[in-house]
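# Fold and geometry: a report
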Amino acid sequence: MPIILDHLAPIPLKERLLQGRSDIWNTHIRFDDGERIKVMAPSGKGKTTFVHILYHMRFDYEGTVWVGNKQSDNISRDELSQLRQKKVSIIFQDLRLFPQLSARENIELKRVMQEPFHTSSRIDEMAEQLGIQRILSQKAGLCSYGEQQRIAIIRSLMQPFSWLIMDEPFSHLDTTNIQKAVSLIEEECSRRNAGFILTDLDDDTHFPYSRKLNL
């Protein structure tokens, strides 16, 4: 399921974007199945806007977005629901956890949203791998931001997907915990033969990226 962007330009950022060069904005670019894409940009250049457009949360842009053979403007609500449940998973920069639910409940909601891809025991395995098994019964709102990031990472890996979209997913993790998260994400993407698109401020060597692009 390739993703194609044809001269995409978010209207709120358009004037600012015209002042600089981008590998993505105002170009024609294609992301092919299984690619591991790193998108770099300083703050204010539209990383989260880009992620929200890919996830079909924003439509205030010029240009065209294609997902597979379907133009985003022509995707119905039912098709969008299926896309988000089976084809595209996401880690939001602001995480969007339910603070009054436990870490496990936040993850479990995603796991049972459709026919489960993983058994419930996989939550414990992933939590142990990322060092947060002890907080699974704790309310998410009482967890540190680094713990919440790891909860959100596990939650995103509960469902089937062809693409995993990650918006600065490691911003509050130290080097050791980043490597643990990278290992888990790589394992789960390989399990599905899936690609990912990761945004961040700077260059890194966490993954064997197919391409590194400047936004």
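Our subject is the structure that appears above.
Turning to helix 4 (residues 103-111), a few remarks are in order. It helps to recall that an α-helix has 3.6 residues per turn; residues three or four apart then point in one direction. For helix 4, the full list of buried residues reads Ala-103, Asn-106, Ile-107, Lys-110 and Arg-111. One side of helix 4 carries all its buried residues, which in axial view fall inside an arc of 140°. Those residues of helix 4 that are buried lie in contact with helix 3 (77-86), strand 6 (88-91), helix 5 (121-130) and helix 6 (145-156).

Moving on: the environment of Ile-123. Inspection of the secondary structure assignment puts Ile-123 in helix 5. C-alpha separation for the pair Ile-123 and Arg-77, spaced 46 residues apart in sequence, amounts to 29 Å. Those residues in contact with Ile-123 that lie beyond four places of it in its chain are Arg-104, Ile-107, Glu-108, Arg-111, Leu-136 and Met-158.

Overall, antiparallel pairing links the four strands, which are arranged 2-1-4-5 in an open sheet. In this open sheet, the two strands that pair with only one neighbour each are strand 2 (28-31) and strand 5 (70-71). Two elements, strand 1 (residues 3-10) and strand 4 (residues 61-67), share six bridges in a ladder whose sense is antiparallel. Looking at strand 4, one finds that Asp-6 is bridged to Thr-64. Its contacts with the sheet put helix 2 (residues 47-54) on strand 1, strand 2 and strand 4, and the angle it makes with strand 1 is roughly 130°.

Okay, the pattern of salt bridges next. This structure, assessed with the given rule, holds 19 salt bridges. Between Arg-30 and Asp-32 there is a salt bridge, with the nearest N and O atoms lying 2.4 Å from each other. Glu-108 serves as the salt-bridge partner of Arg-111, at 2.6 Å between the closest nitrogen and oxygen. With Arg-111 and Glu-108 both in helix 4 and three residues apart, the pair spans about one turn of that helix. Residues joined by salt bridges that share partners form a network here, namely Arg-122, Glu-125, Glu-187, Glu-188, Arg-191 and Arg-192.

Turning next to the side chain of His-52. Locating His-52 in the fold gives a position in helix 2. Classification of His-52 by relative accessible area gives buried; the value is 13%.

With that settled, the discussion passes to the sheet that holds strand 9 (residues 211-214). As summarised here, the arrangement of the five strands in space is 6-7-8-3-9, forming an open sheet in which the pairing is parallel. Both edges of this open sheet fall to strand 6 and strand 9, since each of them pairs with a single strand only. In this sheet, adjacent strand axes meet at a mean angle of 15° when their direction is disregarded. Examined bridge by bridge, strand 3 (residues 36-40) and strand 8 (residues 195-200) share five bridges and lie parallel to one another. Its bridge partner lying in strand 8, Lys-38 is registered against Leu-198. Packing against the sheet, helix 6 makes contact with strand 6 and strand 7 (163-167), and its axis sits at approximately 180° to strand 6.

Below, the discussion takes up the environment of Phe-196. By secondary structure assignment, the location of Phe-196 is in strand 8. Considering only alpha carbons, one finds Phe-196 and Pro-10, 186 residues apart in sequence, at a separation of 22 Å. The residues touching Phe-196, leaving out its near neighbours within four places in the chain, are Glu-35, Arg-36, Ile-37, Trp-163, Leu-164, Met-166, Cys-189, Phe-207 and Tyr-209.

Under the counting rule described, the total for this entry stands at seven aromatic pairs. Seen from their ring centres, Phe-170 and Phe-207 are 6.4 Å apart, and the 25° between their planes marks the pair as stacked. Taken as a pair, Phe-170 in the loop between strand 7 and helix 7 (175-192) and Phe-207 in the loop between strand 8 and strand 9 lie far apart in primary sequence, 37 residues in all. Pair check on accessibility: Phe-170 and Phe-207 agree, each one buried.

Thresholds applied
- Residues numbered from 1 in each chain as written.
- Predicted model: local features only at pLDDT ≥ 70, side-chain atom pairs only at ≥ 80, totals over all residues.
- Heavy atoms only, no water.
- Buried < 20%, exposed > 50% of the residue type's maximum accessible area, 1.4 Å probe, protein only.
- Helix = DSSP H or I, 4+ residues; strand = E, 2+ residues; numbered from the N terminus.
- Arc of directions from axis to C-beta.
- Contact = heavy atoms within 4.5 Å.
- Pairing = 2+ DSSP bridges.
- Axes fitted to C-alpha atoms, helices over the stretch in contact; angles between N-to-C directions.
- Salt bridge = Lys/Arg side-chain N within 4 Å of Asp/Glu carboxyl O.
- Phe/Tyr/Trp six-rings, centres within 6.5 Å; stacked < 30°, edge-to-face > 60°.

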